[in-house]
Amino acid sequence: PLSLHHYHHHHLFICTPFHTAAQMFTSKLASLRNSTRGLNRLPLRRHFGSSLAQFSSAGSDLRLPLDDFTETELQIRDLARQFANERILPKIDEMEQKGEISQELINETFELGLCGIEIPEKYGGSELNFMNNILAIEEISKIDSSTAALVDVQNTLFNRTILLEGSEAQKEKWLPKLATDTLGSFCLSEASCGSDAFALKCRADDKGDHYVLNGQKNWITNSKEAGVYIVLATVDPSKGYKGITAFIVERSNPGITIGKPENKVGLKASSTCAVFLDNCIVPKEDVLGEVGKGYKLAIGTLNEGRIAIASQLLGLAEGAYDYAMPYLRERKAFGRYIGDFQGLEFEYAQAAMEIHAARVMTYQAARMYEQGRPVAKEAAMAKLYASQVANKVSTQCVQWMGGVGVINENRAQKYFRDWIPGSIYEGSSQILKETIAKLVKRDVSEGRRVWD
């Protein structure tokens, strides 16, 4: 039977079956939230009480490790881990073959609160911090990056944008649905508009009390399953990026059509489709944010999105490593376990170190983001480095397993395929290097040390 195992200090909680565990988690959430609300999470200051004041008064600063999580964060991590291992894993082969995520699993992500992690309680969400997003995405990615991508886009691109930019009427209309049963999809990219996000050609013509949208969006994640879309279009091409505006478009709108899913090399179960807008009428109350300020909205999603993708790629690297390592202690050659040959020892030692470094970079960026600190450089670094580690580790894991690693029934090849899209979306590796270089030059020109 399915069960939730949660260890906290010397206490062991075991609940069965899985849905009972989910109900327990939901019922405990309010009290856990109250116990963790208001904590300074970078550094995390837990379990110290009055002793913390003594350290501060003495001029000392007590900082805990980045992976010293709150009880709520541990609950989310363990819940996502169990969900991935016991519910997603048995369905991976079927989902890969069909090229779609099981609707049953999508429903369960909502039931467990994994699609409304940061949505406030008053709208039906879990009202948790950003780190909970990161941990959930990381754990699910260890098993299946397609399902992780669904949870990622829902929380970090769509929900967060409605929270930050939506009017109160828009929040009241959409956030309860997004927390309980409706997926969202963020439509920015076009055939000629990827890394150059502001070269979009999708038009939005002002017709008095409404806009008419025309154009095509490409490579849109969650588009097949979504019930609502955020669409970026320009109200005036002559204004350049200052004409870009965001619109909320419902799936039921007759002016929007979803193309067939792309047949990708990786993330096969994650829907990636073209979105067609043909005389799509959008009321003016469905403009998201200010007219002409859509570029700021798009930029605002990048930092959070890149940290979340870093966690997705981190989880992929961890999953590939965990999957391959037991084989090195089972397979023998020349009378020895292959994991005992120094050549392989050096490789998996290096891989473990690089995974750890990617984890530190990702968690650091997440904690900085929670504090409201500038994280453009750290987010770009975390995403870039995590993609490099995912590439290297997933490739090595296939090689370590030899002929077994390239068989489709073996998950090693899936990890190898799934890292590829992750190295492209939310900033390709080349664009991220340019971003980092630009920010480093800015720091130097302004007289700041790069590491301050």
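Above this text is the structure in question.
Residues numbered from 1 in each chain as written. Predicted model: local features only at pLDDT ≥ 70, side-chain atom pairs only at ≥ 80, totals over all residues. Heavy atoms only, no water.

Trainee: Would you explain the side chain of threonine 109 in this entry?
Mentor: Counting through the fold element by element, threonine 109 comes out in helix H5 (residues 103–111). Classification of threonine 109 by relative accessible area gives buried; the value is 0%. Excluding residues that lie within four positions of it along the chain, threonine 109 makes contacts with Phe83, Leu114, Cys115 and Val151. (Helix = DSSP H or I, 4+ residues; strand = E, 2+ residues; numbered from the N terminus. Buried < 20%, exposed > 50% of the residue type's maximum accessible area, 1.4 Å probe, protein only. Contact = heavy atoms within 4.5 Å.)

Trainee: Even after reading the chapter, I still don't get the packing of aromatic side chains, so can you show me in this structure?
Mentor: Overall, the coordinates contain seven aromatic pairs when judged by the stated rule. Both rings, one in tyrosine 348 and one in tryptophan 400, keep their centres 6.4 Å apart while their planes meet at 85°; by these two values the pair is edge-to-face. Highlighted residues: tyrosine 348 in helix H10 (residues 342–370) and tryptophan 400 in helix H11 (residues 376–400), separated in sequence by 52 residues. Here the two residues tyrosine 348 and tryptophan 400 agree in accessibility, since each one is buried. Each member of the aromatic cluster is reached from another via a ring pair, and the members are Tyr321, Tyr348 and Trp400. Above the face of the tyrosine 337 ring, lysine 332 is positioned so that its terminal group lies 4.9 Å from the ring centre. (Phe/Tyr/Trp six-rings, centres within 6.5 Å; stacked < 30°, edge-to-face > 60°. Lys NZ or Arg CZ within 6 Å of the ring centre and 35° of its normal.)

Trainee: Would you explain the nonpolar core in this entry?
Mentor: Here is a general trend for soluble globular proteins: nonpolar side chains tend to be buried in one another's company. Counting residues in each nonpolar core, the largest one holds 72 residues, and the members touching the most others are Ile88, Ile134, Ile307, Tyr321, Leu328, Val393 and Trp400. The leading source of residues in this core is helix H9 (residues 294–328), at 14 residues. When near neighbours in sequence (up to four residues on either side) are disregarded, isoleucine 134 contacts Ile307, Ala308, Ser311, Thr362, Tyr363 and Ala366. Core analysis: the second largest hydrophobic core is formed by 24 residues, Tyr123, Leu157, Phe158 and Leu163 among them. (Core = buried A, V, L, I, M, F, W, Y, C linked by side-chain atoms within 4.5 Å.)

Trainee: Explain helix H6 (residues 130–141) to me, please; I cannot follow it from the model alone.
Mentor: Residue pairs three or four apart in sequence face the same way in an α-helix, which turns once every 3.6 residues. The terminal C-alpha atoms of H6, which comprises twelve residues, lie 17 Å apart, in line with the 16 Å expected from a rise of 1.5 Å per residue. Taken together, the buried residues of H6 touch helix H3 (71–88), helix H7 (145–165), H9, H10 and helix H12 (412–422). (Expected span 1.5 Å × (residues − 1).)

Trainee: Sorry if this is basic, but what is going on with the pattern of salt bridges here?
Mentor: Opposite charge on two side chains makes pairing possible when the charged atoms of those side chains draw close. For the coordinates displayed, the defined rule picks out 29 salt bridges. In this structure, the salt-bridge partner of lysine 414 is aspartate 144, at a minimum N-O distance of 2.8 Å. Of this pair, lysine 414 sits in helix H12 while aspartate 144 sits in the loop between H6 and H7, and the two are 270 residues apart along the sequence. Each member of the pair lysine 414 and aspartate 144 is classed as buried. Between aspartate 443 and arginine 442 there is a salt bridge, and its shortest N-O distance comes to 3.2 Å. Accessibility expressed as a relative area gives 4% for aspartate 443, which makes it buried. With a relative accessible area of 39%, arginine 442 lands in the partly exposed category. Overlapping salt bridges, with partners in common, bring together Arg81, Glu139, Lys142, Glu318 and Arg359 in one network. (Salt bridge = Lys/Arg side-chain N within 4 Å of Asp/Glu carboxyl O.)

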